[in-house]
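Structural overview for review
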Amino acid sequence: MTHRIEQMNKNERELLISPEYFYQLAKKHPRIEYAEYLPKRGDAHHEMNQFRYDIILHIRPESTLPPHNDEEINDIHWHEWCEDDSLEELMSNAHGSFGVEGYPNIRVWKDFKVSQYLQAGSQNLTGSDIHQYSQSLDSEIKKLQSLTAIEVVAESYGYTLKPQLSFSLAAGAAQLNLAFIKNSESSYKVKFPIAQPHTRLSNTPAAQIKTNTLDLQSLREMAEEHLPVQMHPSFYMFIDALPLTPTGKLDRRALPDPVAQHNLRYVEPETEIENKLVQVWQQVLGISEGISITDNFYQLGGDSILSIQMISLAKRYGVQITAKDVFECQTIEALAKRADKMQPRVLQPIIAAEGYQLLTPIMKHYLRHFGTDIHHFNQSLRLSVPLNITDALLLDGLATLYKRHDIFRLAGKIENGKWQLFYHTPDNKESVDEELHNFLSIHDLQDLDVSEKDTRINQIISETQANLSLKDGKLFHWSCIRTQEKTELLWVMHHLIVDGVSWRILISELQNVLKKLINKQPLSLSKKTNSFQQWTKAIDSYARTSDFRSEINFWEDQLSAVTKLNIECGVADDQRHKNTRIISNRLTKETTAKLILDCHKAYKTKINDLLLTALSMALHEWQSMSEVTIHLEGHGREELFHDIDISETVGWFTSCYPLKISTHTNHPEEQIKSVKEALRSVPSKGIHYGMLYSREPANKSLIMR
């Protein structure tokens, strides 16, 4: 908190002047007789009267007058305020004008006391401690009076109140000096007590403003032009001079702590492409407004999966970009320039999938090694759909998705002792509609009570998941569950035909289709992309013709000397899912926002960097491991082919690979850098590992354990 306050003070752009400045000014200019430091009047508590004050400079005539006397003695008696004092008693017992020095300024007294508490407290103070202390001050605050109330009481005793700020070094504007002047002595000149001088009379916003006038965007563009992406600075800091050691070298320890620079100004989109990309970012990132064309996609919470969504949505707006473009051009301004220069992609013709489906490396791994319940390795979602949607409209919407994505027609069979996947093709439209009725179940539970309803819903979930069968071509099923409160769609799909990115594509399309059906609008989806079958054929050809054996040594090193976890516990005799227990924890929205947005600014990290850092540090603390090998997954949709577009294609594209991470430190900064280096060292984002593993099964060194 202290560090944040220091940085806020340093970056303050408004000129802040200590009252002491005017005292020093009066000393240097003979014509200034003295200065009055007047607190703002009124009972309202806001910035205009809480942290601001008025200065009155009393100017001498032109004629020469005696110089200032710093030791000038005040002509009235000053009483130092203590908690047991009563202003009314002081006024009733006084025989003339008098002053009260150090009376608490009720407007800022509580803030001042909390600040003192923080400075005097230990580093183990918690937010709860501070809150409790702040509440304990309420009774003390109630004993104090505002200037307006004091003025009313003073008038009743025949006094005129002349308040001024006490600019003592200890209390600043938290204390007031109150002069009570008898009305019979109205011409009395009041000389207020001289406080301790401050060493710093103001801040220096001019230096900050000068820094801000530098063209940061030009610096960023220069970095983009001359440096690879991984070397682009996360932020820029301006200092008066670089600190040096006695030998004249850079003193790195004396450099200020890095503080991320946000865009100092909002830059509106100007071109048509920039406006379209702003709309795309707003939808993908969930930000309703305020996106500048100089904002960084990843610093706003973007990641590789969201970049795929961005590419797909941009295409609907008529803007062609690639994943490489997003990675290299991380602002709308840069991305729009790249998109404007791009030539339209010449894609392979869209051909309906038929015949056998080639297996991706991860599909081969699953079908080879997943023995029990091979039919039920599924994923599921429960989606809320409009309460008033009819069964017929829901079926029409789901039929639109079924016809759009060939992957729904996938089935499996065993040939020569191995599972093979193939596409079955309906004979005509009637057979398609008949098939769809087999994949959609309608359950009306509106007449059931709460307990019966919950029991029945659990039964439906179990039945729907158990309904999947690889050999019968039942790799998905929909169950519509209607209750009085809502209508839900349970959507179960075998993992062989879906992954995380595919779910996002399907949900977005379903929302779009159902909305148009309910509003009786013509159905129109974006142009269909290349099929999963076309992609796997291209991957197979790529794996056969490309030579990436140079990566074998890297992957063998990742799998060498794999350390097993030392877990001293018994193994259950009945090792079924029902005997497992899931321990889960949920982060708050605030913590999640910090993890996704704020944490990446210091070391230009991504979410995987931080999660792997936390995991590796936990393993180091728990198991005293010096390194750990972790099985990682990627979305697998790398842009290997310029003539194939899979931005809206559904399938199991996931790539997986092993990665060895050092865990020899308890310092987060060092571990973050170590994890980043390990991740950045992975060749081709790990997609070649699966190709090598599936192409060379005899190479035991590449088998992931």
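Residues numbered from 1 in each chain as written. Predicted model: local features only at pLDDT ≥ 70, side-chain atom pairs only at ≥ 80, totals over all residues. Heavy atoms only, no water.

**Looking at the overall build of the protein**
Worth spelling out the cut-off: Secondary structure elements are defined from DSSP: runs of H or I of at least 4 residues count as helices, runs of E of at least 2 residues count as strands, and each element is numbered from the N terminus. Each residue gets one of three labels from its accessible area relative to the maximum for its type: buried under 20%, exposed over 50%, partly exposed in between, using a 1.4 Å probe on protein chains only. Residues count as neighbours in contact if any of their non-hydrogen atoms are within 4.5 Å of one another. Only the protein chains shown count as covering a residue, and every accessible area follows the Shrake-Rupley method with a 1.4 Å probe.
In terms of regular secondary structure, the protein is built from 25 helices and 15 strands. Burial status across the protein gives 42% buried among its 705 residues. The contacts in the protein between residues at least 6 apart in sequence include a share of 71% that link residues at least 24 apart. Of the accessible surface of the protein, which amounts to about 40,900 Å², a share of 51% is contributed by carbon and sulfur atoms.

**So, the environment of Trp491**
When you line up the elements, Trp491 lands in strand E13 (residues 487-494). Owing to a relative accessible area of 0%, Trp491 belongs among the buried residues under this scheme. Separated by 111 residues in the primary sequence, Trp491 and Ser380 place their C-alpha atoms 5.4 Å from one another. Residues within four places of Trp491 in sequence aside, it is in contact with Gln379, Ser380, Leu381, Leu383, Leu401, Phe408, His477, Trp478, Trp503, Leu506 and Leu510.

**Observations regarding the environment of Glu639**
To be explicit about the condition: N or O atoms within 3.5 Å of each other form a polar contact, as long as, within protein, one can give a hydrogen and the other can take it, and as long as residues adjacent in sequence are counted only when both atoms are side-chain atoms.
With respect to the secondary-structure elements, Glu639 resides in the loop between strand E14 (627-634) and strand E15 (655-662). Separated by 3.4 Å, the side chains of Glu639 and Thr322 make a polar contact. Of note is the side chain of Glu639, whose polar atom sits 2.9 Å from the backbone nitrogen of Ala323.

**What about the sheet that holds strand E5 (residues 159-166)?**
Spelled out, the test is: By definition, two strands form a pair when at least two bridges between them are found by DSSP. All axes here are fitted lines through C-alpha atoms, helices being fitted over the stretch that makes contact, and every angle between N-to-C directions spans 0 to 180 degrees.
Strand order in this open sheet of four strands is E3-E4-E6-E5, and the pairing throughout is mixed. The sheet is open, and its two edges are formed by strand E3 (77-80) and E5, each paired on a single side. Averaged over neighbouring strand pairs, the angle between their axes works out to 25° when direction is ignored. Relative to strand E4 (residues 98-104), E3 runs parallel, the two being bridged by four bridges. Bridge pairing in E4 links His77 to Phe98. Set on the sheet, helix H8 (residues 147-156) makes contact with E4, E5 and strand E6 (175-182); between it and E5 the angle comes to about 150°.

**A closer look at the confidence of the model for the protein**
Just so we agree on the cut-off: pLDDT gives the predictor's per-residue confidence on a scale running from 0 to 100.
On average, residues of the protein carry a pLDDT of 82, and 85% of them reach 70 or more. When the elements of the protein are averaged for pLDDT, helix H9 (residues 205-212) gives the smallest value, 57, and E13 the largest, 95.

**Here's the deal with a nonpolar patch on the surface**
The test is simple: Patch membership is restricted to residues that have no salt bridge and whose relative accessible area is over 30%. Joining uses 9 Å for like charges and 5 Å for the nonpolar side chains Val, Leu, Ile, Met, Phe, Trp and Tyr. Think of a salt bridge as a Lys or Arg side-chain nitrogen and an Asp or Glu carboxyl oxygen that are within 4 Å of each other.
Together, Ile239, Leu242, Leu244 and Leu250 make up an exposed nonpolar region whose accessible area comes to about 350 Å². Considering the arrangement of structural elements, one finds Leu242 in the loop between helix H10 (216-226) and helix H11 (272-285).

**Brief notes about the environment of Val432**
By the secondary structure assignment, Val432 is in helix H17 (residues 429-439). Separated by 30 residues in sequence, Val432 and Tyr402 place their C-alpha atoms 9.1 Å apart. Val432 has contacts with Tyr402, Lys403 and Pro426, leaving out every residue within four places of it along the chain.

**So, the packing of aromatic side chains**
Note the cut-off: What counts as a ring pair is set by centres within 6.5 Å for rings of Phe, Tyr and Trp (its six-membered ring), and what kind of pair is set by the plane angle: stacked under 30 degrees, edge-to-face over 60, tilted for all other angles. Placement of a charge over a ring requires the Lys NZ or Arg CZ to be within 6 Å of the ring centre, with the centre-to-atom vector within 35 degrees of the ring normal.
Summed over the entire model, instances satisfying the criterion amount to 27 aromatic pairs. With a centroid separation of 5.6 Å and 85° between ring planes, the pair formed by Phe98 and Tyr159 is classed as edge-to-face. Highlighted residues: Phe98 in strand E4 and Tyr159 in strand E5, separated in sequence by 61 residues. Residue Tyr159 is classed as buried on the basis of its relative accessible area of 1%. Relative to Phe408, the ring of Tyr402 has its centre 6.1 Å away and its plane inclined at 25°; by these criteria the two rings are stacked. Look at Phe408 and you get buried, because its relative accessible area is 1%. Taken together, Tyr402, Phe408, Phe439, Phe476, Trp478, Trp491 and Trp503 form an aromatic cluster joined through their ring pairs. Sitting over the ring of Tyr159, Lys182 keeps its end group 4.4 Å from the ring centre. The ring of Phe422 has Lys413 sitting right over it, with the charged end atom 4.9 Å from the ring centre.

**Describing empty space enclosed by the protein**
Just so we agree on the cut-off: Grid points spaced at 1 Å over the protein atoms alone were grouped into cavities, where a 1.4 Å probe fits but cannot get out, and pockets, open sets with protein on both sides within 12 Å along at least five of seven lines, with lining residues defined by an atom within 4 Å of a point. Grid points are joined across faces, edges and corners, and a volume is the space filled by probe spheres set on the points. Only Asp, Glu, Lys and Arg are considered charged in this grouping, and only Ala, Val, Leu, Ile, Met, Phe, Trp, Tyr, Cys and Pro are considered nonpolar; every other residue, Gly among them, is considered polar.
Scanning the entire structure with this criterion turns up three cavities of 30 Å³ or more. What lines the largest cavity is a set of 13 residues, among which Pro361, Phe653, Thr654, Ser655 and Ile687 lie closest to the centre. The greatest single-element share of the lining of the largest cavity, amounting to three residues, is contributed by helix H25 (residues 687-695). Its residues assigned to classes, the lining of the largest cavity shows eight nonpolar, five polar and no charged. If you add up the space inside the second largest cavity, you get close to 100 Å³.

**Notes on the nonpolar core**
Our working definition: In this text, buried Ala, Val, Leu, Ile, Met, Phe, Trp, Tyr and Cys residues form a nonpolar core when linked through side-chain atoms within 4.5 Å.
In this structure, Trp478, Trp491 and Met493 are the most contacted members of the largest nonpolar core, which totals 80 residues. Not counting residues within four places of it along the chain, the set of residues in contact with Trp478 comprises Leu398, Leu436, Phe439, Leu440, Ser441, Leu489, Leu490 and Trp491. Listed in part, the 26 residues of the second largest apolar core include Phe22, Tyr37, Leu87 and Ala154.

**Topic: the pattern of salt bridges**
Evaluation of the coordinates by the stated rule reveals 23 salt bridges. The shortest N-O distance in the salt bridge between Lys660 and Glu627 comes to 3.9 Å. Here Lys660, found in strand E15, pairs with Glu627, found in strand E14; they are 33 residues apart in sequence, far enough to count as distant. Between Glu638 and Lys685 there is a salt bridge; the shortest N-O distance is 3.8 Å. Of this pair, Glu638 sits in the loop between E14 and E15 while Lys685 sits in the loop between helix H24 (668-680) and H25, and the two are 47 residues apart along the sequence. Taking the relative accessible area as the measure of exposure, Glu638 reaches 12% and is therefore buried. On the accessibility criterion, Lys685 (53% relative accessible area) is exposed. Beyond isolated ion pairs, a larger network of salt bridges with shared partners links Arg316, Arg404, Glu509 and Glu648.

**So, the pairing of strand E9 (residues 410-415)**
The pairing of E9 with strand E10 (residues 418-423) spans six bridges and is antiparallel. Its bridge partner lying in E10, Glu415 is registered against Lys418.

**Points about the sheet that holds E13**
Spatially, the four strands line up as an open sheet ordered E8-E13-E12-E11, and their pairing is mixed. Edge strands, defined here as strands with exactly one partner in the open sheet, are strand E8 (378-385) and strand E11 (440-444). Taken over all neighbouring pairs, the strand axes of this sheet differ in orientation by 15° on average, direction set aside. Pairing analysis gives five bridges linking E11 to strand E12 (residues 476-482), with the strands arranged parallel. Of the residues in E12, the one forming a bridge with Asp444 is Arg482. Taken strand by strand, helix H16 (residues 391-404) contacts E11, E12 and E13, and its axis lies near 160° from that of E12.

**A few points about the side chain of Thr322**
Among the structural elements, Thr322 can be located in the loop between helix H12 (304-316) and helix H13 (323-328). Leaving out residues up to four positions away in the same chain, Thr322 has contacts with Ile311, Met342 and Glu639.

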